Amino acid sequence: MSNLLTSLISTAQALGVFERALVVSQNNVANVSTPGYAAQRMILHAAEFDPSTGLIGGVQAGEIETARNLYAEQNVRRQRESLGYYTELAHSLAAVESYFDVTGRQGIPAALSNLFQAFSAWSLEPGSLPAREQVIQRAGELADAFHQVAEGMARAAADADRQLRQTVGKINEIGQQLYEYNVARRSGGMDDAGLDTRIHAALEELSELVNISVLHQPDGSVTVLIGGQSPLVIGASLYRISVQFDLPADPPPVYAAAPAPARIVASEGRDITSLVTQGSLGGLLEMRNQVLASLAGDAYHAGDLNLLAKAVADRINELLTGGWVSEGPPPVSGVPLFTYNSAGDAVVAQTLALNPAANAQNLAAISPGPPYVGNGVALQLAELAEPRRQQDMIGGYSYAAFFGRLAGSVGSRLAEAEANRAFRADTTAQARELRQQLSGVSLDQEAILILQFQRAYQANAKMLSLLGELTEAVLGMIR
């Protein structure tokens, strides 16, 4: 009779084990389309059999294991970091490129060309009032053209600042979620497939925003480090980051009147900007602190646009102020054509303006020499279109060619960013496909397992039924 009862207990336990195994497989099937879900398996163990010590044998349910491959997860995150970086960079550069026309039909190159043509016409008729008025008009248009590009760069910087704040806020929001998931994991959620999926989905979303390193702890929690060094989440602790635009004392600013670069600051106040190299945040920092700074300047960079505006204004003013409006007696010196804020080179383009004191009557066309040339200044100004002297160039290039190189650099950066974005989109898709192969749910495999567990369940159920009938028969005989 004892053997019969032992068989009943063993068979009943097996029914429970196979029922739980079926639930795990059915859960896999239900989540086959859930992004980031990893298949789970319940490990089955043979129970020890030793009747003399009461060990009845049979099958026991073991731990539930996940098929999640951490290497595949890391590979997806790395690809998304680069994808986020180049996507943001390409988007930002596309907005800036429109301000740098390379056709010469509009913007700064067109205004430069028109001014040089006005100088050429004036050199042919140095005493012509209409020719002089044309010079004044074209000079004002050139100043306006520099303003428009400088204002466009300022709008791009303001947009980058807004996106930086939003991105940092999103990073902190995901960090808060991971903190809550860590608490849930430590509170008994080690085998929760849904919680595991949410954790890895959050990590993947975070990786598109900023480059991170992830450490999986024995208690099931995750440690997230920005740039592999600065903590964002450690166990049940969240370390929020922030973005600041104030000028640090070290290093001291070169151009105090210009905008400060963006800085990412850790919760304890440490500057971690250099650690952020990928993700949308990395792309925004590259755009704000490098690309825009090199074009329009900031507290530490003069900016090529400002250098061009200063070179053009200074050279034209130098030629005009070195000439005579009339030979007198006494001779009347010329006045500068342009003015700008002299507080620093980084604000020249946005402050460049036509000198209010300049008019058609006081433009100096005479070069006092020696030799004396009645239209000498006008001729030298006209030669700025195709300069032959170093003092009429900037960096060895004509003013138009310098702007062309500047515009070309923006275009090449954009083309490179778009090419890298397309490449990273492909590698991200490949990484996800590999992860799916390693960790995802295979419906064919689940169908086989469900069929096996169903048959095992049915066999044990039939066994239990037969043992029940046998038990009743034995009890009937005893009565």
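Let me begin by describing the structure that accompanies this report. (Residues numbered from 1 in each chain as written. Predicted model: local features only at pLDDT ≥ 70, side-chain atom pairs only at ≥ 80, totals over all residues. Heavy atoms only, no water.)

Okay, the nonpolar core next. By size, the foremost hydrophobic cluster in this structure holds 64 residues, and its most contacted members are F100, F119, W122, I316 and L337. Counting residues per element, the ones that place at least two in this core are α2 (70-97), α3 (107-124), α4 (129-186), α6 (279-296), α7 (304-321), α8 (348-351), α9 (376-382) and α10 (399-439). The element contributing the most residues to this core is α4, with 13 residues. (Core = buried A, V, L, I, M, F, W, Y, C linked by side-chain atoms within 4.5 Å. Buried < 20%, exposed > 50% of the residue type's maximum accessible area, 1.4 Å probe, protein only. Helix = DSSP H or I, 4+ residues; strand = E, 2+ residues; numbered from the N terminus.)

The next subject is the packing of α3 against α7. Packing of α3 against α7 leaves a shortest axis separation of 13 Å and a crossing angle of 10 degrees. With respect to each other, α3 and α7 are oriented roughly parallel. Residues I108, L112, L115, F119 and W122 of α3 lie in contact with α7, whose contacting residues are L305, V312, I316 and L320. The class makeup of the residues in the contact of α3 with α7 is nine nonpolar, no polar and no charged. (Axes fitted to C-alpha atoms, helices over the stretch in contact; angles between N-to-C directions. Parallel < 35°, antiparallel > 145°, perpendicular 65-115°, else oblique. Contact = heavy atoms within 4.5 Å. Nonpolar A, V, L, I, M, F, W, Y, C, P; charged D, E, K, R; others polar.)

What follows deals with unusual backbone geometry. Note on backbone geometry: most residues besides glycine have negative phi, and most peptide bonds are trans. With an omega of 5 degrees, the peptide bond running from G328 to P329 counts as cis. One can find P329 in the loop between β11 (324-326) and β12 (332-333). Residue P371 is bonded to the preceding P370 through a cis peptide linkage, with omega at 0 degrees. Assignment of secondary structure puts P371 in the loop between β14 (353-354) and α9.

Checked against the element boundaries, T428 lands in helix α10. Excluding residues within four positions of it along the chain, T428 makes contact with Q79, R80 and L83.

Let's shift gears to the pairing of strand β5 (residues 212-216). The sheet contact formed by β5 and strand β6 (residues 222-226) spans five bridges and is antiparallel. Of the residues in β6, the one forming a bridge with H216 is V222. Counting the residues between successive antiparallel strands, the hairpin from β5 to β6 contains five residues, one of them, G220, with a positive phi of roughly 95 degrees. (Pairing = 2+ DSSP bridges.)

A word on the pairing of β6. In terms of burial, β6 is a largely internal element, five of the five residues being buried. Side chains V222, V224 and I226 of β6 all project onto a buried face; the interleaved residues T223 and L225 project onto the opposite face, where all are buried too. Sheet topology places β6 next to strand β7 (residues 230-234); four bridges connect them, and they run antiparallel. If you follow T223 over to β7, its bridge partner there is I234. Here β6 folds back onto β7 in antiparallel fashion, the turn holding three residues, of which G227 has a positive phi close to 65 degrees.

So yeah, pure geometry; function would need other evidence.
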